[in-house]
Amino acid sequence: MIPFVRVPATGAQRALGQLLRSKVAGDDAPAKAKGIWEAEGPRWFTPEDPIWRVHQHAAMFPGGVAALLLQSLHPSAMAGVAGHSGFRGDPWGRLQRTSYYIAATTFGTIEHAEEVIAQVASIHERVRGRRDDGAPYAASDPDLLSWVHVAEVHSFLAAYQMYSGDRLTPQESDTYVSQARTASTLLGARDLPADVTELRERLQSYRAVLRSTPAAVDACHFLLREPPLPRAAKPVYGLVARGGVAALPNWARRALGQSGLDLARRADTIAGTLSVATINWAMAGLRDAEDAAA
């Protein structure tokens with residue numbers, strides 16, 4: 001991992017930090033954060049827990065890209081995204097809702113987490129339809145929820161282990177997989193993996209239904225090459241996106257038209273490492289500016 005050196009914040013550093021936060025968490029991010037972090041009450045997890053360490057790290061940026069790409073290979077999951085999420089018209093809105101859900105269910109009080117889970121479950125009840133091949137789908141389907149969970153947990157853990165510089169031990173990795181079941185089980189997913197071995201086995205079990213549909217390829221192209229961002233921010237996003245591709249299994253890379261060669265994967269891993277260092281730098285500048293203004 002590239003060492004992170006603290007230097008005085010610059011205008012560009014603060015601007016990039018502000019842009020990142022607004023895109024990922026929304027313009028009201030400070031208010032949302034206050035509601036999560038300052039609320040009093042029991043929580044499922046503590047700062048010492050692996051899930052806390054993984055979900056608060058900048059590696060979640062490339063990990064999130066990897067999760068979206070991997071999820072797109074399930075025809076029903078992709079149909080739901082294409083038909084209901086408005087990912088092309090409002091990609092940042094979808095990202096902000098997802099990041100809020102992860103933050104609330106990881107760092108928030110149990111009461112708040114359960115409220116957010118209930119809200120998402122209610123939305124899922126309305127997300128249903130038919131795929132292009134005529135097969136029905138429903139976002140509330142336990143097996144589909146399980147797929148989304150497996151894709152996310154695999155991607156987040158892979159990215160953290162690649163880019164954090166503070167890898168989880170095998171035991172901590174198993175604990176992370178187990179802790180990640182908490183919210184997804186309440187959301188309706190079933191038979192979720194309890195450790196890394198089960199996670200890998202469960203991911204492998206989905207291979208029979210996964211495929212590269214035109215919608216998946218279109219989503220991949222959109223995520224990697226058409227991000228709706230200011231021109232100045234696209235180079236940083238490009239590093240994040242390539243870092244996400246690096247966190248994918250080789251078979252998923254190939255299915256989405258990305259090279260599975262070792263040389264390409266190493267290049268993407270370097271890009272991901274640079275993206276995490278840049279994000280840490282930008283967010284540190286934003287925190288410094290806000291602390292100085294307080």
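Look up a bit, the structure's there.
Residues numbered from 1 in each chain as written. Predicted model: local features only at pLDDT ≥ 70, side-chain atom pairs only at ≥ 80, totals over all residues. Heavy atoms only, no water.

Across its 17 residues, helix H6 (residues 91–107) extends 24 Å between first and last C-alpha, which sits within 8% of the 24 Å expected from 1.5 Å per residue. When H6 is considered as a whole, its buried residues turn out to be Pro-91, Trp-92, Gly-93, Gln-96, Tyr-101, Ile-102, Ala-103, Ala-104, Thr-105, Thr-106 and Phe-107. (Helix = DSSP H or I, 4+ residues; strand = E, 2+ residues; numbered from the N terminus. Expected span 1.5 Å × (residues − 1). Buried < 20%, exposed > 50% of the residue type's maximum accessible area, 1.4 Å probe, protein only.)

On to the nonpolar core. Within the largest apolar cluster, 72 residues are counted, with the highest numbers of intra-cluster contacts made by Leu-69, Leu-70, Trp-147 and Tyr-176. Top contributing element to this core by residue count: helix H8 (residues 142–163), with 12 residues. When near neighbours in sequence (up to four residues on either side) are disregarded, Tyr-176 contacts Pro-50, Ile-51, Val-54, His-55, Val-153, Phe-156, Leu-157 and Leu-168. (Core = buried A, V, L, I, M, F, W, Y, C linked by side-chain atoms within 4.5 Å. Contact = heavy atoms within 4.5 Å.)

Following the sequence through the fold, Gln-171 ends up in helix H9 (residues 170–179). On the basis of relative accessibility, which here comes to 64%, the residue Gln-171 falls in the exposed class. On a C-alpha basis, the gap between Gln-171 and Val-196 in space is 9.2 Å, while along the polypeptide they are 25 residues apart.

So, on to unusual backbone geometry. Phi at Asp-191 is positive, roughly 55 degrees, even though this residue is not glycine. Here Asp-191 shows up in the loop between helix H10 (181–187) and helix H11 (196–205). According to the relative accessible area criterion, Asp-191 is exposed, its value standing at 69%.

Before going further, it helps to examine the environment of His-154. One can find His-154 in helix H8. Here His-154 falls in the buried class, since its relative accessible area comes to 18%. Along the sequence, His-154 and Val-196 sit 42 residues apart, while their C-alpha atoms lie 8.7 Å from each other. With near-sequence residues (within four places) excluded, His-154 lies in contact with Leu-70, Leu-199, Leu-203, Ala-247 and Pro-249.

Here Ser-184 is to be found in helix H10. A relative accessible area of 14% places Ser-184 in the buried class. In contact with Ser-184, not counting residues within four places along its chain, are His-149, Ala-189 and Leu-192.

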